[in-house]
Amino acid sequence: MAAISFLGDLIQTISDRGRDLIGLARTDLARTANPADLARLCEDLISRRGEASGVALARLILDRYAVFPLEERLAFLEHIATEFGADHDSVDAAIAAYRAEPTRARLGMLHEAAEPRSQELIRRLNLARGGTLALVRMREDLFALRKRLKEREAAPDTIDAAASLDSDFEHLFASWFNRGFLVLRPIDWSTPAHILEKIIRYEAVHEIADWDELRRRIQPTDRRCFAFFHPALLDEPLIFVEVALTNAIAPAIQPILADGREPVPARGATTAIFYSISNCQKGLAGVTFGNFLIKQVVEDLAREIPSLKTFVTLSPVPGFRTWLDRERGADAPQGLTREDVETLRLLDTEDWRTDKAKCEAVRRAMLPAAAAYFLRAKNEKGRPLDPVARFHLGNGARLERVNFLGDTSKKGLKQSYGLMVNYLYDLSAIEKNHETYVNLGTVAASSAVSRELRSNLPPPRAVALAEAG
C-alpha cells in the first residue's frame, strides 16, 4: 500500500508541474463554465504529447466535471458520445489499404483507425490521480444519460452513440480490472471502519440494518466475508461475499441471519454457504468479478478448514414472481398446468402462508412451477430467465435444491413469493458443468429438482418462443 501511495504522490507531483506547463491554475476551473468548454479541453487533452501536461489537464477536466450539476454532466457525456467517434475518412482509407494489401500490419492500421477517439480520451483521463474511480462514477452518469435518451425518444444516432461510448468504458474497464489486478481481502471486525461502512451501504441482497447486524455477520467464528479490491480503488470494494459455515445445506435465510443463534465451531463445519454476493460499483457493470471471487474463496476456505466438503449458495430468485404471475394470467401458460393455476390462486389470499392447508397446497404447486422456471423458461438467447441462475450456472454450479419459503422477508416475498435456491459448487464437476452450459445451454440440476418438473407441460420450444416474443 505504501508503494501505491508513493506512486499516487508522484503522479500528483507530475500533475502540479504539468499545470504550470500548460498555463492553467485551479482558478481556471471557474472559466470552464459549461459542457462545451469542457469538451474543448478534452480535444486539447487527446492532442497533447507531453505526459506532465496531459496528467494536469486530465485532473482539471475531472475536477470540473465533478462539480457540474447532473444535467450538465449528462450534456457533456452526450457531446463526447456524438463528437468523439472514429474518423470515418481514416477508416475508409484504412479499409481500402487493407483490401489492396491484406496483411497483419494493414489490419492493425485499420483497427487503430476504427477506434473511437472517446477510447483515447478515457485512457488519458485515467492518467490523473484518482482518475479510475472518477471514470467509474462517470459511467454511472452515462447509464442515466442512456435512460434519458430512450425516455425522450432521442434520434437513433444519438442513442447508438451513447451505447458505443458505454462499450468503450466497458472494454477498457475489462482490461483495467482483470483478475491479475484484483486483491482478495478478508473483511472482519478489525477491518477499518470506513470500509465496513461501505459493506453496510453496498449490501444488495439482505440489507444490513446497523453496526450490530454487521457484527453478527462478520465477527462470529462461523462467519466469513471476503471482498475484491483494486490498487486504483484502495478503499472501495468491488464485490464481496458473505459466508456461513454450517453442518448442513441451509434451506432458509432467516436462521442464518437470526440474532442470538448458537455459532457452529468453525473447525468442525462441513458446509460453506455463500448467502450474499454484492457488486459494489455500478459503473463496473458488465465486468466480471463474481466467478473469480467464489472460486478463490472456495479454494481459500478449503485450505483453511479441511473439514469443509460442501460449497453451496443460498440464493434469491429475483425474477420468479414476475414470471409466475405472468404464467398465472396467461391464456395458455407454458410452465404451469391448469390445476396448478387454480391452486396458485391461493397466493392472492392474505393468509396463504399462515393457513397450514393453503400453504401446503401452494407448496405442492409452486415447486413444479419453479422447476419449469429454471429448467425450461428461456430468454431470447436461450439462457435461463433468472439472472442469478445465469451467473451461477455459468460458473459451473449445479442447481441443487429449490426451497419453498426460504426467505419470508418483505423483499423475499415481493420478488419470489419467498422462494430461494441452493447452487452447489462441486469442485470435481465445475468445469464440465460450465462447458455444457456455455456450449449447449444445458442447466445442470440435481435429480430432486428435475423430478419436480411436470410431465404434461407444452414442448420446451414453445416456452422459448413465448419468452422471446
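Once a new chain begins, its residue numbering starts again from 1 and follows that chain's sequence as written. In keeping with the predicted nature of the model, local features appear solely for residues at pLDDT of at least 70, side-chain atom pairs appear and are counted solely at 80 or more, and the whole-chain, interface and lining totals rest on all residues. In computing side-chain properties, one takes all heavy atoms of the structure into account and sets aside hydrogens as well as water.

**A word on the UniProt feature "domain: Malonyl-CoA decarboxylase C-terminal" (unreviewed entry) in the chain**
Okay, step 1: UniProt records the feature "domain: Malonyl-CoA decarboxylase C-terminal" (unreviewed entry) for residues 180-426 in the present numbering.
Okay, step 2: As a span, residues 180-426 carries 36% helix and 18% strand, and end to end its C-alpha atoms are 25 Å apart. UniProt positions are given in the numbering used here, feature names are shortened, and annotations may be inferred rather than shown by experiment. Counting from the N terminus, the helices are the DSSP runs of H or I reaching at least four residues and the strands are the DSSP runs of E reaching at least two.

**As for helix 19 (residues 430-440)**
Okay, step 1: Looking at helix 19, one finds that the buried residues are Ile 430, Asn 433 and Tyr 437. Buried residues of helix 19, seen end-on, are gathered within an arc of 70 degrees and therefore sit on one face of the element. Across from the buried face of helix 19, at angles greater than 90 degrees, the exposed residues are Glu 431, Lys 432, Asn 439 and Leu 440.
Okay, step 2: Considering only its buried residues, helix 19 is in contact with helix 13 (290-304), helix 17 (387-394) and strand 7 (398-403).
Okay, step 3: Just downstream of helix 19 lies Gly 441, where phi reads positive at about 75 degrees. Buried, partly exposed and exposed residues are distinguished by accessible area as a fraction of the type maximum, computed with a 1.4 Å probe on protein chains only: under 20%, between the cut-offs, and over 50%, respectively. The directions considered for the arc run from the helix axis to the C-beta atoms. In this analysis, two residues are considered to be in contact whenever any of their non-hydrogen atoms come within 4.5 Å of each other.

**Some words on the packing of aromatic side chains**
In this description, a pair of aromatic rings is defined by centroid distance and the angle of the planes.
Okay, step 1: Centres within 6.5 Å are what make two rings of Phe, Tyr or Trp a pair, Trp counting through its six-membered ring; a difference in plane orientation under 30 degrees is then read as stacked, over 60 as edge-to-face, and the rest as tilted. Tallied over the full model, the rule gives twelve aromatic pairs.
Okay, step 2: Relative to Phe 177, the ring of Phe 173 lies with its centre 6.0 Å away and its plane at 90 degrees, an arrangement referred to as edge-to-face. An identical accessibility class is assigned to Phe 173 and Phe 177; each is buried.
Okay, step 3: The interplanar angle of 75 degrees and the centroid separation of 6.4 Å between the aromatic rings of Trp 189 and Trp 211 together place this pair among those described as edge-to-face. Of the two residues, Trp 189 is situated in the loop between strand 1 (183-186) and helix 10 (193-202) and Trp 211 in helix 11 (residues 211-218); the sequence distance between them amounts to 22 residues.
Okay, step 4: The exposure class of Trp 189 is partly exposed, given its relative accessible area of 28%.

**With respect to unusual backbone geometry**
Okay, step 1: Its identity is not glycine, yet Glu 153 carries a phi of approximately 50 degrees, on the positive side.
Okay, step 2: Topologically, Glu 153 is positioned in the loop between helix 8 (131-151) and helix 9 (156-176).
Okay, step 3: Located in the positive-phi region is Leu 405, a residue other than glycine, with phi close to 50 degrees.
Okay, step 4: Within the element layout of this structure, Leu 405 appears in the loop between strand 7 and helix 18 (410-416).

**Observations regarding the nonpolar core**
Okay, step 1: Counting residues in each nonpolar core, the largest one holds 101 residues, and the members touching the most others are Phe 177, Leu 324 and Met 366.
Okay, step 2: The element contributing the most residues to this core is helix 16 (residues 356-375), with eleven residues.
Okay, step 3: Leaving out residues up to four positions away in the same chain, Leu 324 has contacts with Leu 336, Leu 344, Leu 347, Met 366, Ala 369 and Tyr 417. Side-chain atoms within 4.5 Å are what join buried Ala, Val, Leu, Ile, Met, Phe, Trp, Tyr and Cys residues into a set we call a nonpolar core.

**Overview of empty space enclosed by the protein**
Okay, step 1: Detection works on a 1 Å grid of protein atoms alone, calling trapped sets that fit a 1.4 Å probe cavities and calling open sets with protein on both sides within 12 Å along at least five of seven lines pockets, with lining residues defined by an atom within 4 Å of a point. Grid points are joined across faces, edges and corners, and a volume is the space filled by probe spheres set on the points. Taken as a whole and judged by the stated rule, the model has one cavity of 30 Å³ or more.
Okay, step 2: Around the largest cavity, the lining residues are Phe 76, Leu 77, Ile 80, Ser 118, Leu 121, Ile 122, Leu 125, Met 138, Leu 165 and Phe 169.
Okay, step 3: For the lining of the largest cavity, the secondary-structure elements that each account for two or more residues are helix 4 (70-83), helix 7 (117-125) and helix 9.

**Some words on the pattern of salt bridges**
Okay, step 1: Salt bridge, as applied in this entry: a Lys or Arg side-chain nitrogen positioned within 4 Å of an Asp or Glu carboxyl oxygen. Evaluation of the coordinates by the stated rule reveals 34 salt bridges.
Okay, step 2: Note that Asp 141 is salt-bridged to Arg 73, the shortest N-O span being 2.7 Å. In this pair, Asp 141 is assigned in helix 8 and Arg 73 in helix 4, connecting sequence segments 68 residues apart. This pair shows no difference in class: Asp 141 is buried, exactly as Arg 73 is.
Okay, step 3: Where Arg 124 meets Glu 120, a salt bridge forms, and the shortest distance between an N and an O atom there is 2.8 Å. With Arg 124 and Glu 120 both in helix 7, this residue pair falls four residues apart, about one helical turn.
Okay, step 4: For Glu 120, a relative accessible area of 26% puts it in the partly exposed group.

**A word on the side chain of Ser 278**
Okay, step 1: Structurally, Ser 278 can be placed in strand 4 (residues 271-279).
Okay, step 2: Ser 278 gets classed as buried once you look at its relative accessible area, which sits at 0%.
Okay, step 3: A polar contact is formed between the side chain of Ser 278 and the backbone nitrogen of Ala 204, at a distance of 2.9 Å.
Okay, step 4: Each residue touching Ser 278, except ones within four places of it in the same chain, is listed here: Tyr 202, Glu 203, Ala 204, Val 205, Leu 238, Ile 239 and Phe 240. Side-chain atoms alone can form a polar contact between residues adjacent in sequence; in general such a contact is a pair of N or O atoms within 3.5 Å, and within protein one must be able to donate a hydrogen while the other accepts it.

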